[in-house]
Amino acid sequence: MTKPQLGLSADTQLLLGQLADTLEQVRPGAEMSEAIRLARPLVLAERLHGPTDAAFAAEQDLLAAMPPVRDEQTRGEYAALLRLIAQGVAA
């Protein structure tokens, strides 16, 4: 496993990557929505931890690491931004 970037847990880095993968694989040219940004973290966190307090904490950390969606931003563009955040290149 890679070393966590400053301020991001290993779970958050992993989940950012998983979300980026999904956004790139499913309609990357479609517009990204704030609803997707808010809904996907819980699904991914519960896949990782099951329906537990750890999943809730992972969801909250992931949401905190994810920037708001910009107007006309595509899913692919948002995925690229998530990868930069996971790598510690962008905040």
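Reading guide: rules and limits
Residues numbered from 1 in each chain as written. Predicted model: local features only at pLDDT ≥ 70, side-chain atom pairs only at ≥ 80, totals over all residues. Heavy atoms only, no water. Helix = DSSP H or I, 4+ residues; strand = E, 2+ residues; numbered from the N terminus. Rg over C-alpha atoms; globule rule 2.2 N^0.38 Å. Buried < 20%, exposed > 50% of the residue type's maximum accessible area, 1.4 Å probe, protein only. Contact = heavy atoms within 4.5 Å. pLDDT = per-residue confidence, 0-100. Expected span 1.5 Å × (residues − 1). Core = buried A, V, L, I, M, F, W, Y, C linked by side-chain atoms within 4.5 Å. Salt bridge = Lys/Arg side-chain N within 4 Å of Asp/Glu carboxyl O. Arc of directions from axis to C-beta.

Chemist: When you look at the overall build of the protein chain in this model, what are you seeing that I'm missing?
Modeler: Along the backbone of the protein chain there are four helices and zero strands. Taken from N to C terminus, the helices and strands of the protein chain fall in the order α-α-α-α. Against the globule reference of 12 Å for 91 residues, the protein chain gives a C-alpha radius of gyration of 12 Å, in line with a compact fold. Within the protein chain, the proportion of its 91 residues that are buried is 38%. Long-range contacts, defined as pairs at least 24 residues apart, comprise 67% of the intrachain contacts of the protein chain with a sequence gap of at least 6.

Chemist: How should I be thinking about the confidence of the model for the protein chain in this particular structure?
Modeler: Across the protein chain, pLDDT averages 92, with 92% of residues at or above 70. Counting contacts from residues 1-5, a segment whose pLDDT is below 50, to residues more than four positions away or on other chains yields ten contacts.

Chemist: Which parts of the structure should I look at to understand helix 1 (residues 10-25)?
Modeler: A turn of α-helix holds 3.6 residues, and therefore any two residues three or four places apart point the same way. Taking 1.5 Å per residue as the helical rise, helix 1 with its 16 residues ought to reach 22 Å, and the 23 Å between its terminal C-alpha atoms agrees with that figure. Where helix 1 ends, the next residue or the one after it, Arg 27, has phi of about 50°, a positive value.

Chemist: How do you make sense of the nonpolar core when you look at a structure like this?
Modeler: When a protein is soluble and globular, its nonpolar side chains tend to lie buried together. Counting residues in each nonpolar core, the largest one holds 21 residues, and the members touching the most others are Leu 15, Leu 16, Leu 19, Leu 23, Met 66, Tyr 78 and Leu 82. Elements with a minimum of two residues in this core: helix 1, helix 2 (34-49), helix 3 (53-65) and helix 4 (75-86). Considering every element that reaches this core, the biggest residue donor is helix 4, with six residues. Look past the residues within four positions of Tyr 78 in its chain and what remains in contact with it is Leu 23, Met 32, Arg 37, Met 66, Pro 67, Pro 68, Val 69 and Gln 73.

Chemist: In this structure, what is going on with the pattern of salt bridges? I would like to understand it.
Modeler: Opposite charge on two side chains lets them pair, provided their charged atoms get close. What the rule picks out here adds up to three salt bridges. In this structure, the salt-bridge partner of Arg 83 is Asp 21, at a minimum N-O distance of 2.4 Å. Taken as a pair, Arg 83 in helix 4 and Asp 21 in helix 1 lie far apart in primary sequence, 62 residues in all. The partly exposed category is assigned to Arg 83, whose relative accessible area is 25%.

Chemist: Is there a simple way to think about the environment of Asp 61 in this case?
Modeler: Mapped onto the secondary structure, Asp 61 falls in helix 3. Spatially, the C-alpha atoms of Asp 61 and Leu 15 are 9.8 Å apart, while their sequence positions differ by 46 residues.

Chemist: Whenever I open this one, helix 3 confuses me. Can you help?
Modeler: Between its first and last C-alpha, helix 3 extends 19 Å over 13 residues, near the 18 Å set by a 1.5 Å rise per residue. Considered for burial, the residues of helix 3 that qualify are Ala 55, Ala 58, Glu 59, Leu 62, Leu 63 and Ala 65. For helix 3, the angular spread of buried residues about the axis comes to 160°, placing them on one side. Among the exposed residues of helix 3, those oriented more than 90 degrees off its buried face are Asp 53, Phe 56 and Ala 64. Those residues of helix 3 hidden inside the fold are in contact with helix 1, helix 2 and helix 4.

Chemist: Whenever I open this one, the environment of Leu 8 confuses me. Can you help?
Modeler: Along the chain, the position of Leu 8 falls in the segment before helix 1. It is 27 Å that separates the C-alpha atoms of Leu 8 and Glu 31, two residues lying 23 residues apart in sequence. The contacts of Leu 8, once residues within four sequence positions are left out, are Gln 13, Leu 16, Ala 65, Ile 85 and Ala 86.

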